[in-house]
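# Architecture and fold: a report
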Amino acid sequence: ATRETDKIPELEAVAPMRIASIDVVGSGSMGTGIAQAFAASGLAVVITDADKQAAERAVERIGKSLNKRVEQGKISRQRAADVLGRISIAKDWGDISKADLVVEAVLEDVAVKRAVMSQIEAVCRDDAIIASNTSTIDLDILAEELANPQRLIGLHFFYPAHAMPLVEVIRRADTGAGVIATAVKLVKDIHKTPILVKDGPGFLVNRILFPYLFAFQMLVIEGVPIEKIDKTMEGY
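Residues numbered from 1 in each chain as written. Predicted model: local features only at pLDDT ≥ 70, side-chain atom pairs only at ≥ 80, totals over all residues. Heavy atoms only, no water.

Here we come to the overall build of the protein chain. Counting its regular elements, the protein chain contains eight helices and eight strands. Computed over the C-alpha atoms, the radius of gyration of the protein chain is 19 Å, within 12% of the 18 Å expected from 2.2 N^0.38 for a compact globule of 236 residues. Its C-alpha atoms give the protein chain principal-axis dimensions of roughly 55 × 45 × 35 Å. The long-range share in the protein chain, meaning contacts at least 24 apart out of those at least 6 apart in sequence, stands at 68%. For the protein chain, the accessible area works out to roughly 12400 Å², and carbon and sulfur atoms hold 56% of it. Between the centroid of the 28 positive side chains of the protein chain and the centroid of its 32 negative side chains there is a distance of 7 Å. (Helix = DSSP H or I, 4+ residues; strand = E, 2+ residues; numbered from the N terminus. Rg over C-alpha atoms; globule rule 2.2 N^0.38 Å. Contact = heavy atoms within 4.5 Å. Areas by Shrake-Rupley, 256 points an atom, 1.4 Å probe, with all protein chains shown as cover. Lys, Arg positive; Asp, Glu negative; His and termini not counted. Charge placed at Lys NZ, Arg CZ, Asp CG, Glu CD.)

What follows is the structure in structure tokens.
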């Protein structure tokens, strides 16, 4: 099933765009992990954040993460240096204009994301793809103020983004076929598993997770001991 995830009949004749440079907007835990995941796969990554010190701390965290892998014998010291060398910090918002793909990874808040996306669209290239790392927000809402919403797609990584294999590729009804094909190929190229889903409440993972958590809560409300539920879940 994992090997079949990028075999999408409707996209077989669609040529994906070449992605060589990526800008990640936001340097929190998700943005940091996403930047590391792309850089580890050979891509040039720029981190953009209004707080330059936050961006610097993100690069430091990536360095520590890579050093830990060196100490564990998983990668060489030279490879760690190469990965870190592919990551830079934007001097200003204008640096976004050089990116083939811009990933928004800011606070999970509609107003914040829409404001950031408007800033991104104002400076990015006309042919650049804009991706959101939203985990729950309807992409149609985020697209409302974009001049070219056809290039918006969801790329929902899971925490920690550099380690977790799954990425939800979320398409809106009018997302361009080339954008979808490019996103799916990109996720495969960075050695992760793309799950193409339509824009809808909870996408795939949270649409499964929320009912799962509600069921747990209902059992507790009905008087089933938490320890019994926990033991059953672990056994399953």
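After that view of the structure, there is still more to cover.
For the rest of this paragraph, the subject is the nonpolar core. Judged by nonpolar contacts, the single largest core of 42 residues is most densely connected at Ile22, Phe38, Leu101, Leu155 and Phe157. When near neighbours in sequence (up to four residues on either side) are disregarded, phenylalanine 38 contacts Ile22, Leu43, Val45, Leu101, Val103, Phe157, Leu186 and Ile190. Residues Met117, Leu139, Leu142 and Leu152 belong to the second largest nonpolar core, which totals 19 residues. (Core = buried A, V, L, I, M, F, W, Y, C linked by side-chain atoms within 4.5 Å. Buried < 20%, exposed > 50% of the residue type's maximum accessible area, 1.4 Å probe, protein only.)

A cis geometry characterises the amide bond from tyrosine 159 onward to proline 160, with omega recorded as -5 degrees. Assignment of secondary structure puts proline 160 in the loop between strand 6 (152–157) and strand 7 (166–171). With phi around 65 degrees, histidine 191 is a residue other than glycine that occupies positive phi space. Taking relative accessible area as the criterion, histidine 191 reaches 67% and is therefore assigned exposed. Positive phi, normally seen in glycine, also occurs at phenylalanine 203, with a value near 55 degrees. Position of phenylalanine 203 relative to the elements: it lies in the loop between strand 8 (193–198) and helix 7 (205–221). Using a relative accessible area of 5% as the deciding quantity, one classes phenylalanine 203 as buried.

Approximately 420 Å³ is the volume found for the largest pocket. Lining the largest pocket are 18 residues, and of these Gln36, Ala40, Arg69, His162 and Ala163 sit closest to its centre. When residues of the lining of the largest pocket are traced back to their parent elements, those giving at least two are helix 1 (29–40), helix 2 (52–71) and helix 3 (77–85). By residue number, the principal contributor to the lining of the largest pocket is helix 2, which donates five residues. Across the lining of the largest pocket, the residue classes tally to seven nonpolar, six polar and five charged. (1 Å grid on protein atoms, 1.4 Å probe; cavity = no way out; pocket = protein on both sides within 12 Å on 5 of 7 lines; lining within 4 Å. Points joined across faces, edges and corners; volume = space filled by probe spheres on them. Nonpolar A, V, L, I, M, F, W, Y, C, P; charged D, E, K, R; others polar.)

A pair of packed helices is captured by two measures, namely the crossing angle of their axes and the spacing between those axes. Interaxial distance between helix 1 and helix 2 falls to 10 Å at its minimum, and their mutual angle equals 55 degrees. One finds that helix 1 runs oblique with respect to helix 2. The crossing of helix 1 and helix 2 is right-handed. Within the contact between the two elements, helix 1 uses Ser29, Thr32, Ala35 and Gln36 and helix 2 uses Ala58, Arg61, Ile62, Ser65 and Leu66. Classifying every residue of the contact of helix 1 with helix 2 by side-chain character gives four nonpolar, four polar and one charged. (Axes fitted to C-alpha atoms, helices over the stretch in contact; angles between N-to-C directions. Parallel < 35°, antiparallel > 145°, perpendicular 65-115°, else oblique. Left-handed = near helix turned anticlockwise from the far one by under 90°.)

This brings us to the pattern of salt bridges. Pairing is possible between side chains that carry opposite charge, provided their charged atoms lie close to one another. One pass over the structure, following the stated rule, counts 13 salt bridges. Across the pair aspartate 6 and lysine 7 runs a salt bridge, and its minimum N-O distance is 3.9 Å. For aspartate 6, a relative accessible area of 31% translates into the label partly exposed. Between glutamate 144 and arginine 114 there is a salt bridge, with its nearest N and O atoms 3.1 Å apart. One end of the pair, glutamate 144, is in the loop between helix 5 (139–143) and strand 6; the other, arginine 114, is in helix 4 (residues 110–123), with 30 residues separating them in the sequence. Given a relative accessible area of 54%, glutamate 144 falls into the exposed group. Several salt bridges converge on common partners, so that one network encompasses Asp100, Arg125 and Asp127. (Salt bridge = Lys/Arg side-chain N within 4 Å of Asp/Glu carboxyl O.)

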